[in-house]
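# Structural overview for review
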Amino acid sequence: MRALQSVQLNGMTGRLEFDSEGWPKNVIYDILNLQNGKFVDLGTWYLQGSRLEMPRKALYFQHSAVIPSAKPRSLQGSRFVCGILPSDPFIMEVKGECDKSNCYYGYMIDLIGKLAEDLNFTYEFVQPADGMWGAFNKTTGNWTGIVNQLINRKIDMGAVPLSVNSERGKVIDFSFPFMDASNTAVLRAEESTSNKFFFLLPFEDRVWYSVILMNFIVTFIFYFANKTSPYGRSASYVHALMSCSCRGCLRRRSMGGGEQEKEYKCLFKEGEAKNSRNGTNLYNSAWIVSTGLFGKTRGDSPDSFSGGSSSWLGGSS
């Protein structure tokens, strides 16, 4: 609101400013009147002070300067022939004996009766001989039904729920529509059920089966790759056992700083510590592959390149 109050500029329509409530100031409206297919400037209305300056007079229906009355003109003494065609619930026929004016009932009949009461005219109903609403026959080049009666002036109006389309609009005039109708396909509503496994719905069952199967396959590949690789933790432990005699390793361990010694004196001791701290067994392999599958990290990672490659394969699959 403060931004609007601070706006002051000269635009195409003049000076533009806003008051404390956000309404434009100094608003001026030109009054135009359609005469002979052209707009004529009659005067000006000023918002400030509600001042009207209109030196020229407006012309209304049939170029008359007389202001038309809000009450419609009377049709006293007029009699109209209305084309009609039974269509429930708008127009329905009375079963049994009846006269011409009381043989029908329904919405359209009540509407014509109300117009006749207000405008003081009488009417009669006539059905088309072919019993049709009105369609263009390309073979004969003529219209049928109610539309044909209107074109040939056999009736004054069609008191029927006739659909409005562009082809009919070229040959007859329609009143303001009193109802909008459309065709709709109706289906049975789905029952609302609680599905605890809704997160599985984005993919088909065979996709999930493939993911589970791939998880098992990658787990075994990961396990055997770490066990057989010379750069894995388990294989390095075996390598330490083979490269250092047991007595020498035990003696060096007893002479060293124990478990607190940072620098290992024996490959056997180093391999034993690594293997005891993180043995790559089948359980750990399945755990590492599963966490990679769900985008998580376990913290421990294989030392060998083959183990790391199989772990990456399980996470990307």
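None of these values were measured; they are calculated from a predicted model.

### Here we look at the overall build of the protein chain
The helix and strand inventory of the protein chain stands at 10 helices and 12 strands. Counting only residues that meet the buried cut, the protein chain has 25% of its 317 residues in that class. A fraction of 44% describes how many contacts in the protein chain between residues 6 or more apart in sequence connect residues 24 or more apart. Per element, the accessible surface of the protein chain, about 24200 Å² overall, is 56% carbon and sulfur.

### So, the sheet that holds strand E12 (residues 157–158)
Read across the sheet, 3 strands follow the order E9-E6-E12 without closing on themselves; strand pairing throughout is parallel. The two strands at the open ends of the sheet, each matched to only one other strand, are strand E9 (121–126) and E12. Where strand E6 (residues 78–83) meets E12, 2 bridges bridge the pair, whose relative direction is parallel. Within E12, the residue paired with Cys82 across the bridge is Met157. Against the sheet, helix H2 (residues 107–119) touches E9 and E12, its axis set at about 155° to E9.

### Points about the packing of aromatic side chains
All chains considered together, the criterion is met by 7 aromatic pairs. Seen in terms of ring centroids, Tyr123 and Phe125 are 5.3 Å apart; in terms of plane orientation they differ by 55°. Their pairing is tilted. Classification of Tyr123 as buried rests on a relative accessible area of 19%. Ring-pair connections join several aromatic residues into one group, and the members of that group are Phe80, Tyr104, Phe121, Tyr123 and Phe125. Over the aromatic face of Tyr46 sits the side chain of Arg51, whose NZ or CZ is 4.1 Å from the ring centroid.

### Here we look at the sheet that holds strand E4 (residues 38–46)
Strands pair in a sheet through their backbones, by hydrogen bonds, and they do so in one of two ways: parallel or antiparallel. Spatially, the 3 strands line up as an open sheet ordered E3-E4-E5, and their pairing is antiparallel. Sheet topology places strand E3 (28–35) and strand E5 (51–53) at the edges, where each strand pairs with a single neighbour. Direction aside, the axes of adjacent strands within the sheet are offset by 30° on average. Sheet analysis places E3 next to E4, joined by 8 bridges and oriented antiparallel. Directly across from Gln35, in E4, lies its bridge partner Lys38.

### Focus on the pattern of salt bridges
For the structure shown, the criterion picks out 5 salt bridges. One salt bridge connects Glu53 with Arg51, and the closest N-O pair in it is separated by 2.3 Å. According to the relative accessible area criterion, Glu53 is partly exposed, its value standing at 38%. Given the relative accessible area of 39%, Arg51 is considered partly exposed.

### Some thoughts on the nonpolar core
Among the nonpolar cores identified, the biggest contains 25 residues, and Ile91, Tyr104, Tyr123 and Phe125 are the most heavily contacted of them. Of all the secondary-structure elements, those providing two or more residues to this core are E6, H2, E9 and helix H3 (145–151).

What counts and what doesn't
Residues numbered from 1 in each chain as written. Predicted model: local features only at pLDDT ≥ 70, side-chain atom pairs only at ≥ 80, totals over all residues. Heavy atoms only, no water. Helix = DSSP H or I, 4+ residues; strand = E, 2+ residues; numbered from the N terminus. Buried < 20%, exposed > 50% of the residue type's maximum accessible area, 1.4 Å probe, protein only. Contact = heavy atoms within 4.5 Å. Areas by Shrake-Rupley, 256 points an atom, 1.4 Å probe, with all protein chains shown as cover. Pairing = 2+ DSSP bridges. Axes fitted to C-alpha atoms, helices over the stretch in contact; angles between N-to-C directions. Phe/Tyr/Trp six-rings, centres within 6.5 Å; stacked < 30°, edge-to-face > 60°. Lys NZ or Arg CZ within 6 Å of the ring centre and 35° of its normal. Salt bridge = Lys/Arg side-chain N within 4 Å of Asp/Glu carboxyl O. Core = buried A, V, L, I, M, F, W, Y, C linked by side-chain atoms within 4.5 Å.

None of the figures reported here should be taken as evidence of function without further support.
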